[in-house]
Amino acid sequence: MGSESGRVKRGEQSRISQWLRRRPKPSPEDPARVREELLLSVAAAGLPLAPAAHPAGYRCSCDRIGCPTPARHPLSFAWQTQSTTDRAQIERWARNEPQANFITATGMLHDVLDVPLEAGTRALGRLLDAGVDVGPVAESGGTGDQARMLFFTATRGTPEDEDEWWPCELDCHPETMDEHPGLRWHCRGSYVLVPPAVLPGDHAVTWVRGMEHALPDPLTLLETLTDACAEYAGTAGRSPASVAWPLHH
């Protein structure tokens with residue numbers, strides 16, 4: 001009886017092993033679906049989105065000859081009014097524009113503190129070591145000063161004294177990045193790319209810390225980011241003015 005029971009168990013184990021071998025392996029996750037879910041998670045957090053250009057080889061998908069910011073700008077000049085958190089609209093865009101990157105319009109719910117990647121990496125480590133509540137952070141790939149780290153924060157809003165508010169004219173025209181490689185504050189009237197985004201030269205915009213992290217007050221990050229940018233300017237041989245406050249108009 002015992003030997004018969006053993007044969008039954010061995011037979012069951014053999015059948016299970018055969019079934020496991022025959023079972024189709026799970027297919028890799030659909031990149032288009034992953035992209036869509038990441039975009040929807042950004043919109044669900046309240047950050048308005050609009051479609052942007054994408055790489056066409058080493059060039060930009062837009063019609064502009066010699067585009068200064070290939071794959072880094074919105075598709076439409078009406079991006080500020082077009083930007084939305086509506087799930088159905090974002091799904092339509094993502095499916096109808098399968099290669100498009102997406103931007104988020106800043107200054108409504110959130111701002112973005114945009115710094116050189118090396119300075120941002122240094123600052124992020126210091127902030128986390130100090131126990132500061134750092135919010136979402138993205139890394140934007142590139143060469144030289146085009147490699148950036150983006151710190152997503154709550155917006156400054158519109159102060160009661162309008163003279164205290166400045167538009168980010170620099171950030172509305174990203175082609176000026178080479179002139180001002182230091183800290184850039186994206187607020188009302190500006191935008192940044194959101195992950196996942198593809199850039200020329202096999203670079204990308206990816207999350208370092210995702211949207212599950214709450215948006216912090218920008219002032220809790222500002223001093224550390226400013227110090228890291230000043231250090232970065234010193235090691236790169238730039239004048240401190242290049243990392244001061246070129247955005248304040």
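See the structure above.
This report concerns the structure included in the present document. (Residues numbered from 1 in each chain as written. Predicted model: local features only at pLDDT ≥ 70, side-chain atom pairs only at ≥ 80, totals over all residues. Heavy atoms only, no water.)

Observations concerning the sheet that holds strand S7 (residues 148-154)
The strands making up a sheet associate through hydrogen bonds between their backbones, and the pairing can be parallel or antiparallel.
Move 1: Pairing within the open sheet is antiparallel, and its six strands lie in the order S8-S5-S7-S6-S11-S10. Of all strands in the sheet, those bounded by a partner on one side alone are strand S8 (184-186) and strand S10 (197-199). The average undirected angle you get between the axes of adjacent strands in this sheet is 25°.
Move 2: Two strands pair when backbone bridges link them, and strand S6 (residues 137-140) and S7 are joined in this way by four bridges, in the antiparallel orientation. (Pairing = 2+ DSSP bridges. Helix = DSSP H or I, 4+ residues; strand = E, 2+ residues; numbered from the N terminus. Axes fitted to C-alpha atoms, helices over the stretch in contact; angles between N-to-C directions.)

Thoughts on the packing of helix H2 (residues 31-44) against helix H4 (residues 87-96)
Move 1: Put simply, H2 and H4 touch, their axes get as near as 10 Å, and they point 150° apart. Here H2 lies roughly antiparallel to H4, going by the angle between them. Crossing angle aside, the handedness with which H2 passes H4 is right-handed. Counted together, Arg33, Arg35, Glu36, Glu37, Leu39, Leu40 and Ala43 of H2 and Arg87, Ile90, Glu91, Ala94 and Arg95 of H4 form the full contact between these two elements.
Move 2: Its residues placed into classes, the contact of H2 with H4 shows five nonpolar, no polar and seven charged. (Parallel < 35°, antiparallel > 145°, perpendicular 65-115°, else oblique. Left-handed = near helix turned anticlockwise from the far one by under 90°. Contact = heavy atoms within 4.5 Å. Nonpolar A, V, L, I, M, F, W, Y, C, P; charged D, E, K, R; others polar.)

Quick word on the side chain of Glu36
Move 1: Note that Glu36 resides in helix H2.
Move 2: The buried category is assigned to Glu36, whose relative accessible area is 5%.
Move 3: Every residue in contact with Glu36, bar those within four places of it in the chain, is listed here: Glu91, Ala94 and Arg95. (Buried < 20%, exposed > 50% of the residue type's maximum accessible area, 1.4 Å probe, protein only.)

Thoughts on the sheet that holds strand S4 (residues 101-105)
Move 1: Taken in spatial order, the three strands line up as S1-S4-S9 in an open sheet, and their pairing is antiparallel. Unpaired on one side and paired on the other, strand S1 (49-52) and strand S9 (191-194) mark the two borders of the sheet. Averaged over all adjacent pairs, the angle separating strand axes in this sheet is 40°, with direction ignored.
Move 2: Bridging between S1 and S4 involves four bridges; their strand directions are antiparallel.

Read these as spatial facts, not as claims about activity.
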